[in-house]
Amino acid sequence: MSSKTKIVVLHMKEVVYTAVFLALALILLVVFLIMFSGKKDSEKKTSVTTAASAENAHYIPGIYTSTISLGDQTFDVQVNVEQDRITAISLNNLSETTAAMYPLMEPALDSIASQIYVNQTTEGLIYGEDDRYTSELLVSAINQALEQAQNPSAAES
């Protein structure tokens, strides 16, 4: 019985790198398991909560638009809503020509939108003296979009 002795030489640097990569892979695996297993529980809770609160929701979640016509130019005011919140208000299809002809349109919308985000209503907004009529035009369009978003079951109660 003759046995040949084999000598294996390992560099310490390679052993350390391998150990670090294995530890990172293990941590990554644990994080993925936690992330994806936690979603199932939250989805169950969300679906129960959503079903119960859908009747009480002020708005039907979605993106609603209202068109404004100024002369021969048209553009849209887009309002994003969740069940009980207005989350975003923006101008769409606003051409450079229209923006140049009506330079107060975007600053007025920014001012109005920041007030609406805080109050979650278009009631009692404060307009600047320079952009009063522009602001009123934008608020009218926002109200039209919000009318589309109204939840009929919430309006009855």
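Everything discussed here concerns the structure shown above.
Now for a description of the structure that goes with this document. All residue numbers refer to position in the chain's written sequence, counted from 1. Totals for whole chains, interfaces and linings use every residue, but because this is a predicted model, local features are given only for residues with pLDDT of at least 70 and side-chain atom pairs only at 80 or more, for both listing and counting. Here the side-chain values reflect all heavy atoms present in the structure, with hydrogen atoms and water set aside.

## Comments concerning the overall build of the protein
Part 1: Here a strand is any run of E in DSSP of at least two residues, a helix any run of H or I of at least four, and the numbering for each starts at the N terminus. In terms of helices and strands, the protein carries 5 helices and 3 strands.
Part 2: N-terminal to C-terminal, the α/β element order of the protein is α-β-β-β-α-α-α-α.
Part 3: Accessibility here uses a 1.4 Å probe with only protein chains present; expressed as a share of the type maximum, an area under 20% marks a residue as buried, one over 50% as exposed, and anything in between as partly exposed. The buried share of the protein, reckoned over its 157 residues, is 24%.
Part 4: Within the protein, counting contacts between residues at least 6 apart in sequence, those at least 24 apart form 54% of the total.
Part 5: Areas reported here follow the Shrake-Rupley algorithm with a probe of radius 1.4 Å; residue values treat only the protein chains shown as occluding. Carbon and sulfur atoms make up 59% of the accessible area of the protein, which totals about 11400 Å². The contact rule is simple, with two residues in contact once any of their heavy atoms fall within 4.5 Å.

## A few points about the nonpolar core
Part 1: Throughout, nonpolar core names a set of buried Ala, Val, Leu, Ile, Met, Phe, Trp, Tyr and Cys residues whose side chains join them through atoms within 4.5 Å. One finds V77, V79, V81, I86, I89, L138 and I142 to be the most contacted residues of the largest nonpolar core, which totals 25 residues.
Part 2: Once residues within four sequence positions are removed from consideration, I142 is found in contact with V77, V79, I89, L109, I112, I116 and T122.

## Details of the pattern of salt bridges
Part 1: In what follows, salt bridge is the name for a side-chain nitrogen of Lys or Arg lying within 4 Å of a carboxyl oxygen of Asp or Glu. One pass over the full model with this rule turns up 2 salt bridges.
Part 2: A salt bridge links R85 to E82; its shortest N-O distance comes to 3.5 Å.
Part 3: We classify R85 as partly exposed; its relative accessible area is 42%.
Part 4: When its relative accessible area of 40% is taken as the criterion, E82 is described as partly exposed.
Part 5: Residues E136 and R132 are paired through a salt bridge, measuring 3.4 Å at the closest nitrogen-oxygen approach. Taken together, the residues E136 and R132, both in helix 4 (residues 132-149) and 4 residues apart, mark about one turn of the helix.
Part 6: With relative accessibility at 40%, the residue R132 sits in the partly exposed group.

## Remarks on the sheet that holds strand 1 (residues 62-70)
Part 1: Taken in spatial order, the 3 strands make up an open sheet running 1-2-3, and their pairing is antiparallel. Strand pairing shows two members of the sheet lacking a second neighbour, strand 1 and strand 3 (86-92), which therefore form its edges. Across the sheet, the mean angle from the axis of one strand to that of its neighbour is 20°, orientation sign disregarded.
Part 2: What counts as an axis is a line fitted to C-alpha atoms, over the stretch in contact for a helix, and the angles between N-to-C directions run from 0 to 180 degrees. In the packing of helix 4 onto the sheet, the strands contacted are strand 1, strand 2 (73-81) and strand 3, and the crossing angle to strand 1 comes to about 145°. We call two strands paired when DSSP finds no fewer than two bridges between them.

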